Amino acid sequence: MPIANLQEAAQQIANFLNSVIKLGGLRLKYRISASAAPEGSESAGAQVINVELVGHDATMLTHRGGELLRSLEHIAIQILRLDVREHDLVSFDALNFKALRQQEIQTAAETAAERVRQSGQPYSFPPTNSRERRMLHLAFKELEGVETASVGEGQERYLVVYPKGRTDLPAPVPVMPQRSGYRNDHGDRGNRDDRGNRGDRPRFRR
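So, a few notes on the structure that sits alongside this text. (Residues numbered from 1 in each chain as written. Predicted model: local features only at pLDDT ≥ 70, side-chain atom pairs only at ≥ 80, totals over all residues. Heavy atoms only, no water.)

## Things to note about the pairing of strand β6 (residues 158–163)
Burial of β6 is extensive: six of the six residues sit out of reach of the surface. As paired elements, strand β4 (residues 123–124) and β6 share two bridges and run antiparallel to each other. The residue of β6 that forms the bridge with Y123 is V161. In this sheet, β6 lies alongside strand β5 (residues 146–151) in antiparallel orientation, the contact comprising six bridges. Counterpart to V146 in the pairing with β6 is P163. Between the end of β5 and the start of β6, which pair antiparallel, lie six residues, with G152 showing a positive phi angle near 100°. (Buried < 20%, exposed > 50% of the residue type's maximum accessible area, 1.4 Å probe, protein only. Helix = DSSP H or I, 4+ residues; strand = E, 2+ residues; numbered from the N terminus. Pairing = 2+ DSSP bridges.)

The structure is reproduced here in structure tokens:
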């Protein structure tokens, strides 16, 4: 179901970001725009709200695999009370992170597909969020000799690549990703960027 009032939804997101930027003392600006959902996606035909964040502190958003960027996006989705099937209707980005991530996912899919074709055994990706699992599923649709399925529940849900027609094979336990850049070997928090006190209102474009 499309977002009923794009202007109102954009203002809600703007209010949220203004609060985050002011309270966090972040040097960030943002622009909110709307565009048509990609053809072939679950949201095809609907309008997507795009939020582009820029500024001195934008690098903070993309650290640790874009964890903070995805967290802001997730909160915005909750503010708009979107159904789980509508989560693709809001997209946050910074420093072209999502396009670069798409390239990484495509490369990972091609590498995994070749591994499965050669070994004849399934391969499991580490657990990831639903959006990246969908991106992986779409990447594998273009690759021959393999098929995919999601396994597990909640935050432990992950994608498994099987040889074509062999989803009966047991899926290996995925290797959990190592988190870095947050604490050093002594358990201390890592260095943080300097923070300013600047936040600007966005322009909404359709």
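## Observations concerning the nonpolar core
Grouped together as the largest cluster of nonpolar side chains are 34 residues, with contacts concentrated most on I13, V51, L53 and F92. Mapped onto this core, the elements with two or more residues apiece are α1 (6–24), β1 (27–36), β2 (47–54), α2 (58–79) and β3 (90–94). The dominant element in this core, judged by the number of residues it contributes, is α1, at eight residues. Ignoring sequence-local partners within four residues, the contact set of L53 consists of L17, L28, K29, Y30, A58, L61, L69, F92, D93, A94 and L95. Of all hydrophobic cores here, the second largest spans 14 residues; its members include A113, L136, A139 and F140. (Core = buried A, V, L, I, M, F, W, Y, C linked by side-chain atoms within 4.5 Å. Contact = heavy atoms within 4.5 Å.)

## Quick look at the packing of helix α3 (residues 97–119) against helix α4 (residues 130–141)
Two elements in contact, α3 and α4, have axes whose closest approach is 9 Å; the angle formed by their N-to-C orientations is 50°. The angle between the axes of α3 and α4 places the two elements in the oblique class. Crossing of α3 over α4 shows right-handed handedness. Note on element contacts: α4 touches α3 through R131, E132, M135, L136, A139 and F140, opposite K98, R101, Q102, I105, Q106, A109, A112 and A113. Residue classes in the contact of α3 with α4 are distributed as eight nonpolar, two polar and four charged. (Axes fitted to C-alpha atoms, helices over the stretch in contact; angles between N-to-C directions. Parallel < 35°, antiparallel > 145°, perpendicular 65-115°, else oblique. Left-handed = near helix turned anticlockwise from the far one by under 90°. Nonpolar A, V, L, I, M, F, W, Y, C, P; charged D, E, K, R; others polar.)

## So, the sheet that holds β6
Taken in spatial order, the three strands make up an open sheet running β4-β6-β5, and their pairing is antiparallel. Every other strand in the sheet has two partners, leaving β4 and β5 as the edge strands with one partner each. Contacts from α3 reach β4, β5 and β6, with the element oriented near 40° to β6.

These figures capture arrangement, not role.
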